[in-house]
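# Structure assessment
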Amino acid sequence: MMYATDADLLRRAGVVLPPLSIPIGNFVPAVEAGGLLYVSGQAPLDAEGRALTGKAGAVGLAEARRRAGLVAVALAASVAVVPGRLSRVRRVVRILGMVNAGPEFTQADEVIAGASEMLERLFPGGHAVTAVALPGLPGDITVEIEAVMELG
């Protein structure tokens, strides 16, 4: 479903975009190629724009899942860097979710489901998901997610 403006889409989903985080390294938030938008991995941010850290398990499953939802909103903010581009997203094609977790944590898929649910609010239609647990992420963030989106 396409919307007239980015604001229409956000209002319908009840989402307020956070400030965009400053990239750590030599990359841009998103790259458009061949009708697809490749969105760089994003971190969960608190209301002040600080990264939320800690390993899933120690953080708690419900909180890690909530943080994944915040990452989905940060992905949308990365798309919205170019005015009008958010409303051009036809659907999310795929997300790759990486969860900072110890070796005993086996619920990465449940954490990343928090992002999938938020992305479905923004861009209904379903998407492919890969969820992995890793022994660490940059800056000890709890979760990082990247996305591929189809543009219209």
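Structure's up top.
Numbers given to residues run from 1 along each chain, matching the order in which its sequence is written. In keeping with the predicted nature of the model, local features appear solely for residues at pLDDT of at least 70, side-chain atom pairs appear and are counted solely at 80 or more, and the whole-chain, interface and lining totals rest on all residues. Just so you know, side-chain values use all the structure's heavy atoms and leave hydrogens and water out.

### Quick word on helix α3 (residues 108-122)
The terminal C-alpha atoms of α3 lie 22 Å apart, and with 15 residues this matches the ideal 21 Å at 1.5 Å per residue to within 8%. Buried positions along α3 lie against α1 (6-13), α2 (61-79), β3 (89-100), β4 (128-134) and β5 (143-151). Numbering of helices and strands runs from the N terminus; a helix is a DSSP stretch of H or I covering at least four residues, while a strand is a stretch of E covering at least two. For a helix, the expected span equals 1.5 Å multiplied by the number of residues minus one. Only heavy atoms enter the contact rule, under which two residues are in contact if any of them lie within 4.5 Å.

### Observations concerning unusual backbone geometry
The backbone of Asp-140 shows a phi angle near 65°, a positive value even though the residue is not glycine. With respect to the helices, strands and loops of the structure, Asp-140 is situated in the loop between β4 and β5.

### Focus: the sheet that holds β3
Two strands qualify as a pair provided that DSSP identifies no fewer than 2 bridges between them. Spatially, five strands are ordered β1-β2-β5-β3-β4 in an open sheet, and the strand pairing comes out mixed. What marks the edges here is a single partner per strand, and that holds for β1 (30-33) and β4. Averaged over all pairs of adjacent strands, the angle between their axes in this sheet comes to 15°, without regard to strand direction. Along the sheet, α3 makes contact with β3, β4 and β5, crossing β3 at roughly 155°. Comment: axis = line fitted to C-alpha atoms, over the contacting stretch for helices; angle = value between 0 and 180 degrees taken between N-to-C directions.

### Comments concerning the nonpolar core
By size, the foremost hydrophobic cluster in this structure holds 36 residues, and its most contacted members are Val-99, Leu-122, Phe-123, Ile-145 and Met-149. The set of elements that each furnish at least two residues to this core consists of α1, β2 (36-42), α2, β3, α3 and β5. Of all the elements, α2 adds the most residues to this core, at eight residues. Once residues lying within four places of it in the same chain are set aside, the contact partners of Phe-123 are Leu-9, Arg-12, Leu-86, Val-89, Arg-91, Val-92 and Met-149. Counting residues in each nonpolar core, the second largest holds five residues, with Ala-43, Leu-96, Leu-137 and Ile-141 among its members. To form a nonpolar core, buried Ala, Val, Leu, Ile, Met, Phe, Trp, Tyr and Cys residues must be joined to one another through side-chain atoms within 4.5 Å. Burial here depends on accessible area, computed with a 1.4 Å probe over protein chains only, as a share of the maximum for the residue type. Under 20% is buried, over 50% is exposed, and the range in between is partly exposed.

### So, the pattern of salt bridges
When the charged atoms of two side chains with opposite charge come close together, those side chains can pair. Salt bridges are defined as contacts in which a side-chain nitrogen from Lys or Arg sits within 4 Å of a carboxyl oxygen from Asp or Glu. Using the criterion set out here, one finds seven salt bridges in the structure. For the salt bridge of Arg-88 with Glu-32, the shortest nitrogen-to-oxygen distance reads 3.0 Å. Taken together, the positions of Arg-88 in the loop between α2 and β3 and Glu-32 in strand β1 put the pair 56 residues apart, joining distant regions of the chain. Residues joined by salt bridges that share partners form a network here, namely Asp-46, Glu-48 and Arg-50.

### Observations concerning a nonpolar patch on the surface
Patch building starts from residues that exceed 30% relative accessible area and form no salt bridge, then joins like charges within 9 Å and nonpolar side chains (Val, Leu, Ile, Met, Phe, Trp, Tyr) within 5 Å. Calculation of accessible area relied on Shrake-Rupley with a 1.4 Å probe; when residues are assessed, cover is drawn exclusively from the protein chains displayed. Together, Val-28, Val-31 and Tyr-38 give the surface a local cluster of nonpolar side chains, amounting to about 250 Å² of exposed area. Within the secondary structure, Tyr-38 sits in strand β2.

### Points about the packing of α2 against α3
Axes are the key here: two packed helices are described by the angle between their axes and the distance separating the axes. Here α2 crosses α3 at 40°, and the two axes come no closer than 7 Å. When the axes of α2 and α3 are compared, the pair comes out oblique. Seen along the crossing, α2 lies across α3 with a hand that is right-handed. Contact with α2, carried on its side by Leu-61, Ala-64, Arg-65, Ala-68, Gly-69, Ala-72, Val-73 and Ala-76, involves Glu-110, Val-111, Ile-112, Ala-113, Gly-114, Ala-115, Glu-117, Met-118, Leu-119 and Leu-122 of α3 and no other residues of that element. Looking at the contact of α2 with α3, its residues break down into 13 nonpolar, two polar and three charged. The scheme is simple: roughly parallel for angles under 35 degrees, roughly antiparallel for over 145, roughly perpendicular for 65 to 115, oblique for anything else. Working rule for handedness: look at the near helix, and if it is turned counterclockwise from the far one by less than a right angle, call the crossing left-handed; if clockwise, right-handed. The classification used treats Ala, Val, Leu, Ile, Met, Phe, Trp, Tyr, Cys and Pro as nonpolar, Asp, Glu, Lys and Arg as charged, and all other residues, Gly among them, as polar.

### A few points about the pairing of β2
Sheet topology note: the β1/β2 ladder contains four bridges and is antiparallel. Looking at β2, one finds that Val-31 is bridged to Tyr-38. The antiparallel hairpin formed by β1 and β2 contains two residues in its connecting segment, where Gly-34 sits at a positive phi of about 55°. Here β2 pairs with β5 via five bridges, running antiparallel. What sits directly across from Leu-36, in β5, is Glu-150.

Take it as geometry only, folks, not as evidence of what the structure does.
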